[in-house]
Number of protein chains: 2
Amino acid sequence: MSKCEQCIVRQFSSLKALNKEELLRMADCKTSYTIKKGEPIFEEGEVTNGIYCIKDGICKLSKLSDNGKDQIVKLVKPGELLGQRSMISDEPANLSAVALEDMEVCFIPRSEVMQFFNQNNQFSMNVMRTICDDLKGADDHMVNMAQKTVRQRLGETLIYLEDTFGKNEDGSLHIQLSREELAGMIGTATESCIRLLSELNKSGYIELTGKKITLLDKNKLKRLT
Amino acid sequence: MSKCEQCIVRQFSSLKALNKEELLRMADCKTSYTIKKGEPIFEEGEVTNGIYCIKDGICKLSKLSDNGKDQIVKLVKPGELLGQRSMISDEPANLSAVALEDMEVCFIPRSEVMQFFNQNNQFSMNVMRTICDDLKGADDHMVNMAQKTVRQRLGETLIYLEDTFGKNEDGSLHIQLSREELAGMIGTATESCIRLLSELNKSGYIELTGKKITLLDKNKLKRLT
DNA sequence: AACAAAATATGATAATTGTCATACTTTGTT
DNA sequence: AACAAAGTATGACAATTATCATATTTTGTT
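Residues numbered from 1 in each chain as written. Chains lettered and ligands numbered in written order. Predicted model: local features only at pLDDT ≥ 70, side-chain atom pairs only at ≥ 80, totals over all residues. Heavy atoms only, no water.

1. Comments concerning the interface of chain B and chain A
Each partner contributes residues to the interface: chain B has 39 residues there, and chain A has 39 residues. Here chain B packs against chain A, burying approximately 3,700 Å² in sum over the two surfaces, 65% of which is carbon and sulfur. Interface area lost by chain B to chain A is led by Leu135, Met142 and Gln147 of chain B, which between them contribute 18%. Asp66 of chain A serves as the salt-bridge partner of Lys148 of chain B, at 2.9 Å between the closest nitrogen and oxygen. For the pair chain B and chain A, the number of links is 12 residue pairs in polar contact (both at pLDDT 80 or more). For the side of chain B that touches chain A, the secondary structure elements donating two or more residues are β5 (70-76), α3 (84-89), α4 (110-119) and α5 (121-147) of chain B. (Contact = heavy atoms within 4.5 Å. Buried area = accessible area lost by both parts, 1.4 Å probe. Salt bridge = Lys/Arg side-chain N within 4 Å of Asp/Glu carboxyl O. Polar contact = N/O pair within 3.5 Å; in protein donor to acceptor, adjacent residues only side chain to side chain. Helix = DSSP H or I, 4+ residues; strand = E, 2+ residues; numbered from the N terminus.)

Structural data, given as structure tokens:
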């Protein structure tokens, strides 16, 4: 069993506040999983009873709307934690977490995390700041959803994907989303998403090569009307 | 100067965890304000340096979008606190708070609240739970904005307003929002909002009498297509 | 009471977006 | 290699929503 000390999650998440002894305790009670692309880590409404450390792979946090469509609320990358809000509110998950790539995650039971939370002030402060960041992000996201057109949201989302998850050597977006998933981020119909991508392609703002998307003019993408 | 002990905010907010001594300290350093309808408590980007207790009156939390429209993110009622996220993140306000009615509020300096926060575990836990609730609410709200039609959002918003702020004796909504503000909650153009209200009026789902709105069939409003 | 300003209402029209149908392409499986 | 299934693409059309113009009503101020 690995010791958590060198783990990427420890470097980037709230867990950076844990001391050696706490890390050892955590290493002792953690469970490691591999999750295949497309599989859930947990689903909306499920009692999670702990938090997940994302060691490798990207996942989506989404919620099923009444109209049957899945709205993607956030993408999560290695180094981040999942389930902090549910842990603190002591509620079932509000969102589903599904792997977009093969993933490696560790599960830490609620009881253990709550001990750190109560004993280690810096850790609990880190958790709070993360949740505050999420709240700010969600408010901003909400305003965009309410006030911007689908076309604007698509442009901004493409830029976000490049800035957050990077490019391949050929310059195309590293993260691979299906058209349906991209539509689910933007909050539109899959066909509309496909159609707008085609249009941006023809206008020379992006280049579509098979499933690959390459951003050609980020400035123009930022200022779509 | 009143003593905070009997204050509605103390009963309903995170502050319920404060003991008598802490309440006295708070009473000692608080500043009371009256805010007239239409005036801001604070504005987006402003450094708040403390939290506000809402003793009386309702206010809106909103954010100006690039298109020049003001999106209302949340309504806040007496008993609630404002500025908790900014206090914890140590960041300027992400949203503007503007009075929808004449208000009475108290300001507590950041330094004081952070003392309670660090010393009183129950208080900090309450603050965290509030922020977690806000995060859940914001995620759900975002999904609605992205996936529902303007008409559905209007129906649900009207029901929310009745359920949250109650009715007058004549059955009309107690809270008074301008059409522009209602449009700002729903995320649509003012004219569209007015037009849809007219339509719901003609269909007998609601009744418009001057500025007053009365919900006649909440079930049908819930299931607008 | 009279007036200007703001808010509400409605019409006409354009733009955006969703839906359904269908074709084409890619992927994975046997 | 062959096939089914899934994903992507595009057309045609309908529905929704925004925009601009213009009345009408309400509100606040003098």
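2. A few points about the domain arrangement of chain A
Residues and elements named next belong to chain A. Examined at the domain level, chain A breaks down into domain 1 (4-146) and domain 2 (148-224). In this structure, domain 1 and domain 2 have C-alpha centres spaced 27 Å apart. Taken together, the 15 residues of domain 1 in the interface contact 16 residues of domain 2. The junction of domain 1 with domain 2 conceals about 1,200 Å² of combined surface from both sides, 58% of it contributed by carbon and sulfur atoms. Joining domain 1 to domain 2, the criterion identifies 1 salt bridge. Among the ionic pairs, Glu181 bridges to Lys60, the shortest N-O distance being 3.3 Å. In this structure, the connection of domain 1 to domain 2 is made through 6 residue pairs in polar contact (both at pLDDT 80 or more). Within the residue set of the side of domain 1 that touches domain 2, elements represented by two or more residues are β5 (70-76) and α5 (121-147). (Domains from an automatic or database assignment.)

3. Concerning the protein's contact with DNA strand D
As a structural note, the neighbourhood of DNA strand D is formed by 16 residues, with Arg179 and Ser198 of chain A together with Val150, Thr188 and Ser192 of chain B the closest of them. Between a base oxygen of DNA strand D and a side-chain N or O atom of Arg195 of chain B, the distance comes to 3.1 Å. For the surface near DNA strand D, the secondary structure elements donating two or more residues are α8 (190-202) of chain A together with α6 (150-165) and α8 (190-202) of chain B. Broken down by element, the surface near DNA strand D gets its largest block of residues, 4 residues, from α8 of chain A. By residue class, the composition of the surface near DNA strand D is 3 nonpolar, 5 polar and 8 charged. (Near = heavy atom within 4 Å. Nonpolar A, V, L, I, M, F, W, Y, C, P; charged D, E, K, R; others polar.)

4. Examining the side chain of Glu22 of chain B
Residue and element names in this part refer to chain B. Within the secondary structure layout, Glu22 lies in helix α2 (residues 20-29). An unpaired buried charge is present at Glu22: no salt bridge exists, and Arg25, the closest side chain of opposite charge, is 5.4 Å distant. Setting aside residues no more than four positions away along its own chain, Glu22 makes contact with Ala17, Phe116 and Asn120. (Buried < 20%, exposed > 50% of the residue type's maximum accessible area, 1.4 Å probe, protein only. Lys, Arg positive; Asp, Glu negative; His and termini not counted.)

5. Notes on the nonpolar core
Counting residues in each nonpolar core, the largest one holds 97 residues, and the members touching the most others are Ile41 and Leu82 of chain A together with Ile41 and Leu82 of chain B. When residues no more than four places from it in sequence are discounted, the contact partners of Leu82 of chain B are Ile41, Phe42, Ile51, Tyr52, Ile54, Cys59, Leu61, Val76 and Ala97 of chain B. (Core = buried A, V, L, I, M, F, W, Y, C linked by side-chain atoms within 4.5 Å.)

6. Details of the relation of the copies chain B and chain A
Laying chain B over chain A is done by rotating through 180° and shifting 0.0 Å along the axis; what remains is an RMSD of 0.0 Å. Considering both components of the superposition, the chain copies are consistent with a two-fold axis. Comparing interface residues between copies, 100% of those in chain B also sit at the interface in chain A, which points to an isologous, same-surface contact. (Least-squares fit on C-alpha atoms with pLDDT ≥ 70 in both.)

7. Focus on the protein's contact with DNA strand C
What surrounds DNA strand C is a group of 16 residues, the closest being Val150, Thr188 and Ser192 of chain A together with Arg179 and Ser198 of chain B. Looking at DNA strand C alone, sugar and phosphate atoms form 58% of those within 4 Å of the protein. Separating a base oxygen of DNA strand C from a side-chain N or O atom of Arg195 of chain A is a distance of 3.1 Å. Mapped by element, the contributors of at least two residues to the surface near DNA strand C are α6 (150-165) and α8 of chain A together with α8 of chain B. In terms of residues, the surface near DNA strand C owes the most to one element, α8 of chain B, which gives 4 residues.

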